[in-house]
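Reading the structure
Here is how the chains run, residue by residue.
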Amino acid sequence: MAFSSKRRTGVVRSLALASVALIALASPRPALANPSIWMQCDGIAKPESAAASAARYTGALLLSSVVIGVFLLPEENPTGRPAASGPEGVRACTEALADPVLEPFWERKVSILYARARHKLDANDPAGALADLAASRAVAAGKTSDVLFARSLGVSTQMFEATLLAKEGKLAEARRLAAQAAEGRPWSPIVQARALSYALGEASPSADSQRIGERLARLDSSQASVVAVYLDMTDDAAAAAAAWDGALAAGAETVTFEAVMGVKEPPARPTKLDPYNLSQAALAYARAGQFEKAQALLDGPTLKPLIPDPGPPPPETADNGPAAGQSRQQLQDAAAGRRREALLRQLEDRARSLFPLTQAILAEGRGDTAAAVSYVQRSFADMPDKMAAAELVRRLATKPETTAQVPAFMVEAIAKKARQPETEQFKNIDAKAVLEDLPPLQSLARGERYRRADGVRVVAELREEPLPNRPLGRQLTYSGGADKFAGDEMLYLRAAELAKERGKSGFIVLRQNSRFIFRTGNPSYPIIPIPAEIQVDFVDVDAPPPELAGARARFIRADDVIAALKPIYIDLPAELDAARRKRR
């Protein structure tokens, strides 16, 4: 197509503006020497207009909107991390809240109240932080929030308030808020795990905690044993045993040594079962009266060699430095091997601590009360702090032939050790650590979509590889610019699409690698995400293959995922692009 001279000049000018915009948007600029109160408060520039605020909150400032981008660039580089903290941050947020320019932007007001609550926590004012969080709820009441805002800062505000309420012992309200947050982002395993943590101390699992636990086990196979351990601490022994069934089901890798400890084995190395998780499962089965299952685990190839105690581990050999001719990779492999063996020994020691209790419960269940009483009297001071221990002692204390041998003080002491008062479990929770693992303000401008608006997949950000020994299975890795919460969800969405492409109604998560966030000293790049990765196999949910039949509880229906996440990671960017084209 030929351009006139005038048109050619306009194109060149547009390209020049585009270059300036791309450089400005893609290159970090140093923070100003004297950041504004807005940057000090929540790390976001001062709102200038309704259009600019909408662009900043929804990520509509797309790189292709180059001309708009030049003029809407803020004077300060928004980092999303406050430039001040503690009392100085409180002061900055207070000034920002008093500025009339904030009045039209209720979502930004919520952000500033959330930031001030964090600053007040840093200043050792948790009561003031709770007041600000309550004020943020009042600001948002009755308003329709942007979907990205609601599932990021909205969820984080609920979790923050739940944490502070739990520290104060107001557990009913804390659990209610945590459950709401879990429903606000149901496809995030990190949010589900955090929400489930507020259920600790429940005597009976609530409907909310059961739903969150089941969802978590489906999304992240490595968390299935966490759900089972939580149920071990309730009075519902049958539910705990059923949860261990799910954790040990065919196709589940949740109790592998690597999954529990976060150590990734070389692909060719055979999987080792984690002895501590297996010993917990055996105890749960014994407690629930499922003696054959418990005994099968105790007699299995992993636990049997540990009973009786084989004695101290072999002495460590002196490390006199690298041997001649060893490569760097060989040295790293040797060091990793030593760490792996040390961790395995720790797990074996923890497993051994549960064997005597499990064997005593099996003995009592089979009528050998003398053996059970002998264990209780011999190990009273060292009994594990498990509900199974309290229940065993309680049963022995009610038997006519053993009442005198298991006095009331023993029952009370072990019951108290097994379950502390609910409020005690949350008094020392580290609220600041919780805040570091909550969703940041979500913005599509950071690459939080795995497809472009035209439907072309961004291959560099989402990688798919076949799984050995699983013809349909795939390993999916996301290494884009999104935060770890969005990265997880995009992997589930891609897995759902692949299931549909293969004519399957769903998939199962076989493994999900742990992700860590490294923080840097550069405020322009405050976090570096490690790629998110999951391994999935595709199934007909209603007619699974025999090898996965026992893992039905962990099947995920593809249509459910697509209905929930496609509007966010595919359709919403297309909507924003369409709106941008209309403005031209």
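Some points on the packing of aromatic side chains
Applying the stated criterion to the full structure yields 4 aromatic pairs. Taking 6.0 Å as the distance between ring centres and 70 degrees as the angle between the ring planes, the aromatic pair formed by Trp106 and Phe149 counts as edge-to-face. Here Trp106, found in helix α6 (residues 106-122), pairs with Phe149, found in helix α8 (residues 147-167); they are 43 residues apart in sequence, far enough to count as distant. The class of Phe149 is buried, set by a relative accessible area of 4%. Look at Tyr114 and Phe160: their rings are 5.8 Å apart centre to centre, the planes differ by 85 degrees, and that puts the pair in the edge-to-face class. Of the two residues, Tyr114 is situated in helix α6 and Phe160 in helix α8; the sequence distance between them amounts to 46 residues. There is no split in this pair, since Tyr114 and Phe160 are both buried. The ring centre of Tyr276 lies 4.1 Å from the NZ or CZ of Arg350, which sits over that ring.

Examining the state of the cysteines
Taken as a whole and judged by the stated rule, the model has 1 disulfide. In this model Cys41 forms its disulfide with Cys93; the gap between the sulfur atoms is 2.0 Å. Classification of the bridge connecting Cys41 and Cys93 rests on its S-S torsion, roughly 100 degrees, and on that basis the disulfide is right-handed. Note that Cys41 is positioned in helix α2 (residues 37-42) and Cys93 in helix α5 (residues 86-98), a separation of 52 residues in sequence. As far as burial versus exposure is concerned, Cys41 and Cys93 are alike and both buried.

Notes on the environment of Leu303
Its place among the elements puts Leu303 in the loop between α16 (291-298) and α17 (328-352). Along the backbone, Leu303 and Phe355 are 52 residues apart, and their C-alpha atoms lie at a distance of 9.3 Å. Contacts of Leu303, omitting those with residues within four sequence positions, involve Pro275, Leu278, Ser279, Leu297, Leu298 and Phe355.

Thoughts on unusual backbone geometry
Omega for the peptide link from Ile307 to Pro308 comes to -5 degrees, which places this bond in the cis form. Within the secondary structure, Pro308 is located in the loop between α16 and α17. Positive phi values are uncommon outside glycine, yet Asn124 reaches one of about 60 degrees. For Asn124, the location among the structural elements is in the loop between α6 and α7 (126-140). A relative accessible area of 67% means that Asn124 is categorised as exposed.

Scoring rules and cut-offs
- Residues numbered from 1 in each chain as written.
- Predicted model: local features only at pLDDT ≥ 70, side-chain atom pairs only at ≥ 80, totals over all residues.
- Heavy atoms only, no water.
- Phe/Tyr/Trp six-rings, centres within 6.5 Å; stacked < 30°, edge-to-face > 60°.
- Helix = DSSP H or I, 4+ residues; strand = E, 2+ residues; numbered from the N terminus.
- Buried < 20%, exposed > 50% of the residue type's maximum accessible area, 1.4 Å probe, protein only.
- Lys NZ or Arg CZ within 6 Å of the ring centre and 35° of its normal.
- Disulfide = S-S within 2.5 Å.
- Contact = heavy atoms within 4.5 Å.

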